[in-house]
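Chains, contacts and geometry: an overview
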Amino acid sequence: MFRIAKRVGGVGQQLANRSRAFGTKAAPPSRLRNAVWATGVVAAAGLGYVYITDASAGIHRYLSTPLMHLLDPEDAHNLSVSLLKHGIAPADRGSDSDLLSIQLWGKQLSNPVGLAAGFDKNGEAIDSLFGLGFGAVEIGSITPEAQTGNPRPRLFRIEDSRAVINRMGLNNDGAQMCADRIRSRFWRLLAAQSQRHGETVASLAASVNRSALSSRLLGINLSKSKTSAADSHADYVEGLRTLGPYADYVVVNVSCPNVSNIRAGADVAVLEDTVAAVVRARNAMPDYRPPVVLKIGPDNNNDQLRLIAQLALDYRIDGIIATNTTPSRPQALLECETAKEFGGLSGEPLCEMALQTTREMYRLTKGRIPIIGCGGISSAEDALRFAKAGASMVQIYSSMVYDGPGKVREIKDGLVDLLKGRKWSDVVGEDS
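Residues numbered from 1 in each chain as written. Predicted model: local features only at pLDDT ≥ 70, side-chain atom pairs only at ≥ 80, totals over all residues. Heavy atoms only, no water.

Turning to the pairing of strand β11 (residues 344–347), a few remarks are in order. Here β11 shows no split at all, with Gly344 and Ser346 on one side and Leu345 and Gly347 on the other all buried. Pairing of strand β6 (residues 163–166) with β11, which is carried by four bridges, proceeds in the antiparallel orientation. Looking across to β11, one finds that valine 164 is bridged to serine 346. (Buried < 20%, exposed > 50% of the residue type's maximum accessible area, 1.4 Å probe, protein only. Helix = DSSP H or I, 4+ residues; strand = E, 2+ residues; numbered from the N terminus. Pairing = 2+ DSSP bridges.)

Printed below as a string of structure tokens:
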């Protein structure tokens, strides 16, 4: 019995010793285990950062964009601009195919997809917008005097039709404040480039784009203060003199449907006076002279388009944007309550009107003036149709409201597939 007890006690002691041994090994985690966990966490965080900051990531289209749509449209817009302004934005991580490279006004663009005016009214988020992959970014419209625009609500979504109605009323910070902001950005970027490349700021300023980026253009859209006379062109001239030195091209907005004092889009005599005055002022600029582009509406009849085309040729306008938003409503929207709101309609319902205007302007100008297609473009197929109708470049805006910041890369990649080895420049005007 004593032998059995001793044997049992011995076994118990062995188990206890083993238990203590295992406990001793498990208590403090090994340095290797800590290193593995730390490496995994860092790798996961890094991959997450790379994913979230990629504009093409699905999270932007299927999560962040729908979340934005829970907000009032103007609040969502202001939040988007604020995030971009502070660099809290994804970026296009792809590279542009040589098939998309174009020449415009003697300058090279890496791709023909631009951002239309209206998103960044005050030039606050230029760098983040270029980071989304645009070949050109157009800011504004900017008026000589700061103004608050029309009363809210003034921005509406029509979700089923992927359309937007706005009656913002040209709210902006005014030409001088915007010029100061844009000038500060330009010289800051040039100073940084000067340090990297060992060139003087003065030599860089004489050779780089006003966007301060190679293969990218910065457009500035000019309009009139609400206090100006309807037949006056003075505001466009003042805007040109204040902002023109910092633009790769300036846009004369004669077609905004949301203000009552712009007659140039409907009155050919006022339009001619405006075009003549702006071109004369541009030609009198002492050093740098930006291309002048005319932005027209989609509701002109054939006779009006013929007169606009002749004026553009006679005064050697450098480009035409076809088109602005429309105050009209297509048949499909007549029963929609939101569509009854006053304002300019943009988005997919505008596409065919803008396409037809692009085609007609290319034909009437005989392909001698670059046409920028704008209005309802939401896919690579749309963009290619505009190119074949005569558009040297296209602009988007409303499609990003519904599909998010990856829309730029989506269109560019889709175009490469559709072009099938041909260049964008080869198909411009093919169907006109």
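On to the sheet that holds strand β5 (residues 155–158), then. With respect to topology, three strands assemble into an open sheet ordered β5-β6-β11, the strand pairing being antiparallel. What marks the edges here is a single partner per strand, and that holds for β5 and β11. Adjacent strand axes in the sheet meet at a mean angle of 25 degrees, parallel and antiparallel pairs treated alike. (Axes fitted to C-alpha atoms, helices over the stretch in contact; angles between N-to-C directions.)

On the surface, Leu63, Leu67 and Leu70 cluster together to form a nonpolar patch covering roughly 320 Å² of accessible area. By secondary structure assignment, the location of leucine 67 is in helix α3 (residues 58–68). (Patch = residues over 30% accessible without salt bridge, like charges linked within 9 Å, V, L, I, M, F, W, Y side chains within 5 Å. Areas by Shrake-Rupley, 256 points an atom, 1.4 Å probe, with all protein chains shown as cover. Salt bridge = Lys/Arg side-chain N within 4 Å of Asp/Glu carboxyl O.)

Here we come to the packing of helix α12 (residues 380–389) against helix α14 (residues 407–419). Packed helices, taken two at a time, are described by their axes: the angle between them and the distance between them. Running from N to C, α12 and α14 point in directions that differ by 60 degrees, and their axes come no closer than 8 Å. By the angle between their axes, α12 is oblique relative to α14. Here α12 runs over α14; the crossing is right-handed. Packed against α12, whose contacting residues are Ala380, Glu381, Ala383 and Leu384, the element α14 presents Ile411, Gly414, Leu415, Leu418 and Leu419 at the interface. For the contact of α12 with α14, the class distribution of residues is seven nonpolar, one polar and one charged. (Parallel < 35°, antiparallel > 145°, perpendicular 65-115°, else oblique. Left-handed = near helix turned anticlockwise from the far one by under 90°. Contact = heavy atoms within 4.5 Å. Nonpolar A, V, L, I, M, F, W, Y, C, P; charged D, E, K, R; others polar.)

Attention now goes to the side chain of serine 398. Structurally, serine 398 can be placed in helix α13 (residues 398–403). On the basis of relative accessibility, which here comes to 10%, the residue serine 398 falls in the buried class. Only 2.9 Å separates the side chain of serine 398 from the side chain of serine 346, close enough to count as a polar contact. Setting aside its immediate chain neighbours within four residues, serine 398 contacts Val164, Ser346 and Gly347. (Polar contact = N/O pair within 3.5 Å; in protein donor to acceptor, adjacent residues only side chain to side chain.)

What follows covers the nonpolar core. Counting residues in each nonpolar core, the largest one holds 96 residues, and the members touching the most others are Phe134, Leu243, Leu294 and Leu415. Top element by residues in this core is helix α9 (residues 268–283). It accounts for seven residues. When residues no more than four places from it in sequence are discounted, the contact partners of phenylalanine 134 are Asn111, Val113, Gly114, Leu115, Leu129, Arg216, Ile396, Met400 and Val408. (Core = buried A, V, L, I, M, F, W, Y, C linked by side-chain atoms within 4.5 Å.)

The next subject is helix α6 (residues 175–197). In a regular helix each residue adds 1.5 Å, so 23 residues correspond to 33 Å; α6 covers 32 Å between its end C-alpha atoms and thus fits that length. All buried positions along α6 are accounted for by Ala175, Cys178, Ala179, Ile182, Arg185, Phe186, Leu189, Leu190, Gln193 and Ser194. As for α6, its buried residues are in contact with α5 (126–131), β4 (136–142), α7 (201–207), β7 (217–222) and α8 (234–243). (Expected span 1.5 Å × (residues − 1).)

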